[in-house]
Structures are given as C-alpha cells and as structure tokens.
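What follows is each chain in one-letter form.
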Amino acid sequence: MKIIVAIKQVPDRDAQVRIDAAGKWIDETDLQYALNESDAYALEEALQLKEKHGGEVIVVSAGPERVGQTLREALAKGADRGIHIEADDLGQRDALGVARLLAAAVRPESPDLLLTGLQSEDLGLGQTGVIVAELLNLPHSTLILHVEVEGADGPQAQIKVKRELEEGWFQTIELPAPAVLTIQSGGNKLRYATLMGIKRAKMKEVRRVTAAELAVDSAPVVQLDRVTLPQKQKSTQILSGTAKEAAAALVEKLKFEVRVI
Amino acid sequence: MSGVLVVIEDRADKISRISWEAVAAGQKLATSLGLPLSAAVIGPQTESLAAETSTKFSGRVLRVEHPLLAHYTADGFTLALFQLIQSKAPTYVVLPHTYQVRDYAPALAARLNEVLVSDVVAISDGPVFTRQLLQGRLSGNYRHTGSGPCLVSVQAGAFRADAAASGSAEVTVFTPTIEAAQIRTKPGEPFRGSSQTVDLGSAQLIVSVGRGIKEAENLPLVQELATALGAELAASRPICDNGWLPMERQVGSSGQSVAPKLYLAVGISGAIQHLVGMKASQCVVAINKDPDAPIFEIADYGIIGDLFEVVPALTEAIKAAKG
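Residues numbered from 1 in each chain as written. Chains lettered and ligands numbered in written order. Predicted model: local features only at pLDDT ≥ 70, side-chain atom pairs only at ≥ 80, totals over all residues.

Peer 1: In this structure, what is going on with the overall build of chain B? I would like to understand it.
Peer 2: If you tally the helices and strands in chain B, you get eight helices and 18 strands. Referenced to the eigenvectors of the C-alpha coordinate spread, the extents of chain B come out at roughly 70 × 40 × 35 Å. Relative to its full complement of 323 residues, chain B shows a buried share of 55%. (Helix = DSSP H or I, 4+ residues; strand = E, 2+ residues; numbered from the N terminus. Buried ≥ 20, exposed ≤ 12 C-beta atoms within 10 Å, placed from the backbone.)

Structure below.
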C-alpha cells in the first residue's frame with residue numbers, strides 16, 4: 001500500500017524562543033528545529049504498516065529550505081521518498097491555506113492512507129489532517145494510537161483504528177481506504193535512524209514543488225495578529241538560593257502554609 | 001438570523017460542563033456584539049437535552065435531530081451542522097474544545113471555506129481570540145477576517161460555566177438531510193483501557209514527573225521524593241508514552257484529572273494538555289530549570305533550578321522535617 005505521511009518541522013522543544021521585533025511571530029535567528037513529535041509517531045506507524053503489508057512510504061512537508069533536513073531525517077528512518085513543498089510564507093497562510101498546499105501535493109499520488117500527527121508543537125491548531133481529509137473528500141479519524149489494515153492488497157482495503165477518547169477511554173473505528181488518520185503520540189516506540197539508513201537517505205528522491213506551482217488559494221480567513229507572553233494566572237513565589245536553601249524554604253512553606261508535612 | 005450559535009455536547013445524556021463553558025463564552029460574545037444567542041443540541045432524540053439547556057439559557061434552542069446521529073461520526077455531525085449553519089447563518093459558532101469537536105469542526109469550517117479558531121482561552125473586544133502557542137510558552141491573538149461564519153472552540157476551564165445566565169428558551173426542531181451512505185466511518189462502543197488500579201483523582205498529595213527527568217533510570221529520584229512526602233507518583237504524557245510509567249499514572253486531558261491539596265511538578269514544562277488535568281489543585285509547586293516554563297503561570301511556589309540537585313535536597317529536607 002501507498003502511505004503518505006505529512007510531517008512538520010517545528011522549533012526544538014528545548015530551544016529558547018523569543019518574540020520577534022514585529023510581535024507577529026518568534027525570532028527564527030539561530031533557532032534549532034526538530035520533527036514535530038506526533039508526526040514522528042505518524043511516520044513510525046507508517047513504517048510499521050509498510051513492514052507488515054509492503055508498499056511505499058512517502059513523506060511530505062511544507063516550509064522553507066531548512067525543512068529539507070527534516071525530510072532527510074524521515075528518509076533516514078526508512079521513508080522511501082519525499083516531497084518538499086517550498087514555501088517561505090507559511091506564516092501568512094492559515095490552517096486551510098496550508099492544508100490546501102498539502103492536499104494539492106498529495107492528490108496526484110492517490111495514496112491508500114494519509115497519516116499525520118494530531119497537533120503541531122508550535123501553532124498547536126490540531127486541524128491540518130482533518131482539513132486535508134475534507135479537501136480530498138476522504139474519510140478520516142483522529143487521535144489514533146494503532147492502525148490495522150485488512151485486505152491491504154485488494155481494491156477494498158479496510159482500516160481498523162484504535163482511537164483515544166478522554167480520560168482513559170478508547171474506541172475502535174472502522175473506515176474504508178483511502179483515508180486520513182491523525183496519530184496521537186505514544187502508540188509505538190519510535191525508531192532511530194541507523195547509519196545505513198542515513199547513508200541511504202542521501203540517495204533517495206526528494207521532489208521539490210513550489211507553493212506557486214500548486215496554485216492554491218492563499219488568502220487567509222483567520223490571522224495571527226500579535227504574539228505576547230502569556231498572562232500569569234497566579235503570582236508564583238519563587239524560592240531562590242542554592243538547591244539546599246530552596247529545598248529548606250519549600251519545606252517551611254509545605255509545613256506551615258500548605259500544611260501537608 | 002445573524003447571531004451567536006453555541007454547539008452543545010452531551011456525556012451520557014447530560015450536558016457536559018465544558019458545554020456550559022462554551023455557552024458562557026457565546027453569551028459573552030453575544031452581549032458584547034449585541035447579537036442574539038442560540039444553542040444547538042444534537043442527537044437522534046434531543047427532547048431532554050433541550051429541556052436541560054432551556055433551564056439555564058435564554059435564547060433559542062435548536063434540536064438537531066436525525067436517527068443517523070445516534071452515534072457520533074465526523075461525517076454525520078459535519079453534515080448536520082453544515083446544514084444548520086447554512087440555514088440559520090450565524091455570525092459566530094462557539095464549540096467546546098473536546099476530542100469530538102477536534103474530530104469534525106476543522107472539516108466543518110473548511111466546508112464553509114472558513115477556519116476554526118481552535119482552543120481559545122480568552123475573548124476580548126474586536127473580537128480578538130487568544131490561544132496558546134508553542135505548548136503554552138507564548139500567547140497568540142487571532143482575528144477572523146473571512147466573510148463567512150467565524151467558528152471558535154473554547155478550552156476547558158477558560159470560561160466560567162456559572163456565568164451562563166438562566167432563563168427560558170424557545171425550542172425548535174431542525175431536521176438535517178443525511179443518507180446512511182454519507183457516513184463513511186463505523187464507530188465501535190467506547191471501552192476503558194487497562195483496569196484502573198491507581199486512583200489519582202482522590203489523592204491528597206501528588207508528585208508528578210515530566211520530560212525533565214531525561215531517562216527512565218532517573219525515576220527513582222522522584223519516587224523517593226514521593227515516598228518521603230507520602231504522595232502518589234504521577235507523570236505527564238511523554239513519560240507514559242515512553243513506557244517509563246504506566247498510562248494509569250498519567251495526568252492530563254488524555255489521562256486522569258486531579259485536584260490534590262499539593263501538586264508538586266518536577267521537570268514538567270506545563271503544556272496545556274497537562275494543565276487541564278491538574279489546575280484544580282489547591283497548591284501547585286513547580287521545579288524546573290526553565291524560568292519561562294508555562295507551569296510557573298499556575299504555580300504557587302517555584303524553584304528554578306536543576307531538578308537533579310533540587311529533588312534530592314528536597315527529599316532530605318522533608319525526611320528531616322518529618323523526623
């Protein structure tokens with residue numbers, strides 16, 4: 001089966017982020033980037049499905065030049081080829097605008113399955129996969145921890161997924177292929193790229209297509225106007241000093257104010 | 001009708017708390033913009049839900065009814081609400097930001113050529129919708145510039161449910177057109193994961209550990225602190241995702257919700273999915289090396305430092321205090 005995984009490059013979790021001078025986004029100078037975590041789980045799920053049923057795993061990502069690095073890392077883990085949608089203006093597009101780019105790039109490939117992470121770590125909109133499903137007129141399911149495919153070789157492949165619900169509940173959902181699934185983290189153990197994988201990745205194809213070539217509507221209907229520091233909901237009393245001093249100060253508080261010791 | 005439409009969700013035939021919070025958010029929008037308010041309940045039969053809604057709501061209640069809405073499906077709900085929005089033409093649609101809404105509302109918005117403003121924590125004049133960015137490290141102010149309806153989902157706990165005004169509502173039935181073949185997914189009955197043996201919900205003291213612990217081998221450090229304090233050990237999602245602690249110890253939107261007397265967060269940055277599960281705690285203490293970690297926004301006491309130094313020191317100090 002042919003599986004496409006839509007992945008996103010996001011600021012590294014441990015990177016220091018600063019608001020940019022215009023107050024519209026973050027300062028991207030010297031920023032470290034990484035593969036979005038739930039997208040890594042989507043890739044892992046795709047690679048395991050390929051190992052079980054055969055076929056091809058294609059990774060697709062939109063963004064500037066630097067996104068090429070994240071695509072290579074996915075190829076090193078075992079994806080067969082990549083599609084890089086070159087766009088420097090993703091910040092000016094809303095979720096629908098970005099989903100239109102992905103849908104336009106994916107459509108000619110006619111995949112059996114399109115996987116993506118359920119949410120990005122930077123914008124956190126949690127919508128891209130569902131919108132792409134709508135644009136491609138495919139059924140979808142979200143917050144998926146496990147995917148099973150029946151009749152993968154036939155024309156009528158059936159997909160059975162384990163969907164996470166709130167507060168420790170789950171649900172099984174069946175849907176016909178082709179379909180779009182957004183993957184929740186934790187369903188699998190992530191693999192590392194092997195040295196051989198990294199070597200092979202250099203030979204693998206990454207097709208570049210520009211946003212302009214995909215010719216989709218890019219006018220946003222929702223705009224991010226301003227980025228600010230979050231408002232504090234409580235005034236935090238910071239206990240300073242050495243580790244020992246801070247620990248002693250906290251014990252005082254726990255004993256006499258919180259009264260739990 | 002131009003106005004504000006709130007989509008209500010039920011849990012076991014009762015209106016969920018977060019739906020009342022969405023009503024409060026909708027009411028706030030309606031009042032500030034001078035628009036009429038209405039609410040939609042969805043299902044095969046919605047009489048009791050509509051009655052429950054009318055007790056705490058003044059405005060119009062729309063009963064969106066169809067036999068094919070007996071079980072939630074993204075296709076069914078998208079079709080039904082798309083037709084309702086086309087018919088009633090609300091200016092704003094407010095939804096609770098639940099797993100269910102996340103599953104269909106982005107598609108519903110796209111079908112309307114619109115974009116859902118998801119997971120909103122505040123609404124101010126404009127209207128300007130505030131939502132979190134970068135796992136809560138920053139906030140973003142969003143504006144709707146489209147010509148169609150503006151769809152917004154509100155985060156759990158962001159609006160006060162008791163702010164919803166009481167009143168009497170006019171109730172009408174709306175019957176969407178849905179064919180069985182249009183519903184492409186087949187949902188099964190919800191089931192519980194592994195049997196829950198740890199009840200964090202009733203714990204008085206919780207020590208919770210996050211990604212800052214770095215390796216599974218370091219967990220005993222935090223376990224010792226919990227033991228010294230007589231607290232239950234809990235964790236944020238990544239720790240359970242890695243299999244370092246069982247899923248039943250996970251606090252957050254996908255795990256357990258807790259409200260202990262003390263919640264001591266060790267190496268937890270405080271992504272929103274975690275905060276919604278623990279922000280009802282009476283006292284929150286955070287130990288984190290990053291002074292900008294969002295956990296400090298809701299912490300009563302904070303220690304900014306290396307947990308590998310602070311935690312052993314704290315364990316010792318607690319043991320000494322307890323004698």
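Peer 1: Would you explain the interface of chain A and chain B in this entry?
Peer 2: Frequently, the measure chosen for interface size is the accessible area removed from exposure when the parts meet. Between chain A and chain B, the contact holds 68 residues from the first and 72 residues from the second. Of all elements in the fold, only helix 3 (95–106), helix 4 (128–136), strand 7 (140–150), strand 9 (169–176), strand 12 (222–228), strand 13 (237–238) and helix 7 (243–256) of chain A reach the threshold of two or more residues within the side of chain A that touches chain B. By residue class, the composition of the side of chain A that touches chain B is 37 nonpolar, 16 polar and 15 charged. Judged from the two bridges that link them, strand 9 of chain A and strand 12 (residues 186–187) of chain B form a sheet pairing that is antiparallel. In the sheet register, Glu174(A) faces strand 12 of chain B, and the bridge partner there is Lys186(B). (Contact = placed C-beta atoms within 7 Å. Nonpolar A, V, L, I, M, F, W, Y, C, P; charged D, E, K, R; others polar. Pairing = 2+ DSSP bridges.)

Peer 1: What's the story with the pairing of strand 8 (residues 128–133) of chain B in this structure? I'm lost.
Peer 2: On a regular strand, one side chain projects to one face of the sheet and the next to the other, so that they alternate. All names here are of chain B. Pairing between strand 7 (residues 117–124) and strand 8: four bridges, direction antiparallel. Residue Ser124 lies in a different strand from strand 8, and its bridge partner there is Val128. Taking the residues that link successive antiparallel strands as the turn, the strand 7-strand 8 hairpin has three residues, and the phi of Gly126 there is positive, at about 145°. Sheet topology note: the strand 8/strand 9 (residues 138–144) ladder contains five bridges and is antiparallel. From the neighbouring strand, Leu133 faces strand 9, where its bridge partner is Leu138. Hairpin remark: strand 8 followed by strand 9, antiparallel, with four residues in the connecting loop; positive phi at Leu134, about 45°.

Peer 1: Mind showing me how you'd approach the nonpolar core here?
Peer 2: Generally speaking, nonpolar side chains in soluble globular proteins are found buried as a group. Val5(A), Leu102(A) and Val94(B) are the most contacted members of the largest nonpolar core, which totals 186 residues. For this core, the element with the highest residue contribution is helix 3 of chain A, accounting for nine residues. Discounting residues that sit within four places of it in the chain, Leu102(A) has contacts with Ala6(A), Val60(A), Ala62(A), Thr128(A) and Val132(A). (Core = buried A, V, L, I, M, F, W, Y, C linked by C-beta atoms within 7 Å.)

Peer 1: Got a minute to help me understand unusual backbone geometry in this structure?
Peer 2: The phi torsion of most residues other than glycine is negative, and most of the peptide bonds are trans. Of the consecutive residues Ala177(A) and Pro178(A), the connecting peptide bond is found in the cis state with omega at 0°. With respect to the secondary-structure elements, Pro178(A) resides in the loop between strand 9 and strand 10 (179–183). Pro127(B) follows Gly126(B) through a cis peptide bond whose omega is -5°. Locating Pro127(B) in the fold gives a position in the loop between strand 7 and strand 8. A positive phi is found at Ala215(A), a non-glycine position, where the angle reads about 45°. For Ala215(A), the location among the structural elements is in the loop between helix 6 (211–214) and strand 12. With a phi close to 70°, Lys214(B) is a non-glycine residue in the positive phi region. By secondary structure assignment, the location of Lys214(B) is in the loop between strand 14 (205–209) and helix 5 (219–229).

Peer 1: Which parts of the structure should I look at to understand the domain arrangement of chain B?
Peer 2: Split into domains, chain B comes out as domain 1 (4–182) and domain 2 (200–322). For domain 1 of chain B and domain 2 of chain B, the distance between their C-alpha centres works out to 34 Å. (Domains from an automatic or database assignment.)

Peer 1: Explanation requested: the pairing of strand 6 (residues 113–117) of chain A in the structure shown.
Peer 2: All names here are of chain A. Counted residue by residue, strand 6 has five buried out of five residues, so it is predominantly covered. Of the two faces of strand 6, the one lined by Leu113, Leu115 and Gly117 and the one lined by Leu114 and Thr116 are each fully buried. Where strand 1 (residues 2–6) and strand 6 come together, four bridges link them in parallel fashion. What sits directly across from Val5, in strand 6, is Leu115. Pairing between strand 6 and strand 10: five bridges, direction parallel.

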